[in-house]
Amino acid sequence: MNNLQDRTIVLPGQLLGEKIRCENNCVTEGDKSYALVKGLARVDRNMVSLIPMNGPYLPKAGDVVIGVIDVDFGGIYSVDINSAYKCILKPMREDGRGGGRGQRGGRGRDRGRDEEPAPENLKVGDVLSAKIAYVDEVREAKLTGPRLLENGCIIYVRPLRVPRIIGKQKSMINIIREKTKSNIAVGQNGLIWISGGNMQLAVDAIRKVEAEAHTSGLTDRMMEFLTSRSNV
Amino acid sequence: MDGRRFDELRPIKMKVGVLKNVQGSAYVEWGKNKVVAGVFGPREMHPKRLQNPTEATVRLTYNMAAFSVDDRKRPGPDRRSVEISKISSEALTGVVQVHHYPNAAIDVFVEVLQADAGTRCVGLTAASLALADAGIPMKDLVVACAAGKVDDEVVLDLMKEEDNFGQCDLPMAIVPRTGEVVLLQQDGKLTQEEFNKAFDMAYQGCLKVYELQKKALLNGEAQQ
């Protein structure tokens, strides 16, 4: 039995309903289900799922993240991805050994692995984008397919706002790229790397999307914003 | 002393999202108390030997500003603030879903800018608001309120003079959804009847503060 309307904002400890199925960020005690975070409740018949308003980033297999190398263990690197958990990166050597799964020049994201930086070319402080290959039970993750990002700056946004910054089929980020002429790489962990073009405008645009992520018609407004600012 | 009824709370004002460089924050004014709380984390636990591979550790740091009381308070941790930090951390650990973040630390910093009795209750209330603002999963908010005995009368929410010259102080923190008591201290003597009365009074006070907390989280701020 649901007590809730769809798209209601719920708070931690709020009753979501009795004898319902609940998906994320909820807890069921006996027949009753309660919210664990402040978020938007999506109700679909007997099913409630919660979209949190804010929250930390937890590494998930398949996510593309941006990180900074913070420790060099001699060819194996620890990468800070702005989470409670560090990631391990073991790049493939020139002779094709190491680097975990897959071979150079494979399919999908591994396609460009010929361009993957060799371990000797990486150093502490380097910024890179990489994919999370897998996450273990204590949430430590292993990275694959690193791509070195040079000569740019990193900004931080709330990780839960990242899907809005990317937009449907990358619509939002493509608009920003096009209008600012910047290279932008967005990590699921909330770190965004920007290089070249009108970087200040790109930062302002991303901050605006982050602040207004919950509103509708944002893509059109961003188009107007970027057009007016890029003409100045 | 300030014209309130025996079961009346001081005026309360709450605001969330007041700090910029933290995951979540809250500011609470409760009578003349002014407290700000900020949450960092979950983040990597240091020192690493304190990491718990099954769950996160919640660490609350309570600090009184040097200018928060009439006489200057010597800055830095002292016996009292270490005790309050410990009991408040334990109260919050009871509600935060620590098993979601193995090995991590969730740091809550509570700064008392102005003190006027009952700062541990205000600090804990602000800390739980800041945690909810940060999106840390919790089974419910923690809410705290004190009762006590002044002039042989059991009263709710003691102010500074009542606390200093009163006979007893009974701060309490609860988890309203389950009715669990996560903090209960007593400084002074009460008979069994007086204790029961003070306990009930503090519990009812907590429920009133809980309503304000919920309002503040939904609207950004709340006032009573």
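The model shown is predicted, which means the values in this text are computed figures rather than measured ones.

Novice: What's the story with the sheet that holds strand β8 (residues 64-72) of chain A in this structure? I'm lost.
Specialist: What the five strands build is a closed barrel, ordered β8-β9-β10-β12-β11 (chain A); its pairing is mixed. Each adjacent strand pair in this sheet contributes to an overall mean axis angle of 50°, direction not counted.

Novice: When you look at the interface of chain A and chain B in this model, what are you seeing that I'm missing?
Specialist: Taken together, the contact between chain A and chain B spans 18 residues of the former and 25 residues of the latter. The residue inventory of the side of chain A that touches chain B, partitioned by class, reads 12 nonpolar, four polar and two charged.

Novice: Where do I start with unusual backbone geometry in this structure?
Specialist: Note: most residues except glycine have negative phi, and most peptide bonds are trans. Residues and elements named next belong to chain B. That bond from Gly 41 to Pro 42 is cis: its omega, 10°, falls within 30 degrees of zero. In this structure, Pro 42 sits in strand β3 (residues 33-44). The omega angle of the peptide bond from His 46 to Pro 47 is 0°, so this bond is cis rather than trans. One can find Pro 47 in the loop between β3 and β4 (57-64). Positive phi outside glycine occurs at Asp 151, with the angle close to 55°. For Asp 151, the location among the structural elements is in the loop between β6 (143-150) and β7 (153-156). Asp 151 sits in the exposed class, given 10 other C-beta atoms within 10 Å.

Novice: So what exactly am I meant to see when it comes to the domain arrangement of chain A here?
Specialist: Where interface size is given, it is often the accessible area lost as the parts come together that is meant. Under the domain assignment used here, chain A contains domain 1 (8-52), domain 2 (64-149) and domain 3 (153-230). Each of domain 1 of chain A and domain 3 of chain A was reduced to a C-alpha centroid, and the two centroids are 31 Å apart.

Novice: Looking at this model, I keep getting lost on the pairing of strand β9 (residues 180-184) of chain B. Mind explaining?
Specialist: The two faces of the sheet receive side chains in turn, since in a regular strand these alternate between them. All names here are of chain B. Relative to β9, strand β8 (residues 168-175) runs antiparallel, the two being bridged by four bridges. Paired with Ile 174 across the two strands is Val 181, which belongs to β9. With antiparallel pairing between neighbouring strands as the criterion, β8 and β9 make up a hairpin whose turn holds four residues, including Gly 179 at a positive phi of roughly 80°.

Novice: For this particular structure, what's the right way to read the packing of helix α2 (residues 171-180) of chain A against helix α3 (residues 199-211) of chain A?
Specialist: What describes two packed helices is the angle between their axes and the distance between those same axes. Residue and element names in this part refer to chain A. Their axes nearest at 10 Å, the elements α2 and α3 cross at an angle of 155°. Comparing their axes, α3 and α2 come out roughly antiparallel. Considering how the two elements wind past one another, α2 and α3 form a crossing that is right-handed. Taking contact as the criterion, the partners of Met 172, Ile 176 and Thr 180 in α2 are, on α3, Leu 201, Ala 202, Ala 205, Ile 206 and Val 209.

Novice: In this structure, what is going on with the sheet that holds strand β3 (residues 21-22) of chain A? I would like to understand it.
Specialist: Hydrogen bonds between backbone atoms are what pair the strands of a sheet, whose relative direction is either parallel or antiparallel. Residue and element names in this part refer to chain A. With mixed pairing, the four strands of this open sheet are ordered in space as β1-β6-β7-β3. Of all strands in the sheet, those bounded by a partner on one side alone are β1 (8-10) and β3. As defined by bridge partners, β3 adjoins strand β7 (residues 47-52) across two bridges and the pair is classed as parallel. Across the sheet, the residue bridging to Arg 21 is Met 47, located in β7.

Novice: Would you explain the nonpolar core in this entry?
Specialist: Side chains of a nonpolar character, in soluble globular proteins, are inclined to be buried together. Residue and element names in this part refer to chain B. Counting 120 residues, the largest nonpolar core has Val 108, Ala 126, Leu 131 and Val 142 as its most contacted members. In terms of residues, this core owes the most to one element, helix α2 (residues 119-134), which gives 10 residues. Residue contacts for Val 142: discarding those within four places in its chain leaves Ala 91, Leu 92, Val 95, Leu 124, Ser 128, Ala 173, Val 175 and Val 182.

What counts and what doesn't
Residues numbered from 1 in each chain as written. Chains lettered and ligands numbered in written order. Predicted model: local features only at pLDDT ≥ 70, side-chain atom pairs only at ≥ 80, totals over all residues. Pairing = 2+ DSSP bridges. Helix = DSSP H or I, 4+ residues; strand = E, 2+ residues; numbered from the N terminus. Axes fitted to C-alpha atoms, helices over the stretch in contact; angles between N-to-C directions. Contact = placed C-beta atoms within 7 Å. Nonpolar A, V, L, I, M, F, W, Y, C, P; charged D, E, K, R; others polar. Buried ≥ 20, exposed ≤ 12 C-beta atoms within 10 Å, placed from the backbone. Domains from an automatic or database assignment. Parallel < 35°, antiparallel > 145°, perpendicular 65-115°, else oblique. Left-handed = near helix turned anticlockwise from the far one by under 90°. Core = buried A, V, L, I, M, F, W, Y, C linked by C-beta atoms within 7 Å.

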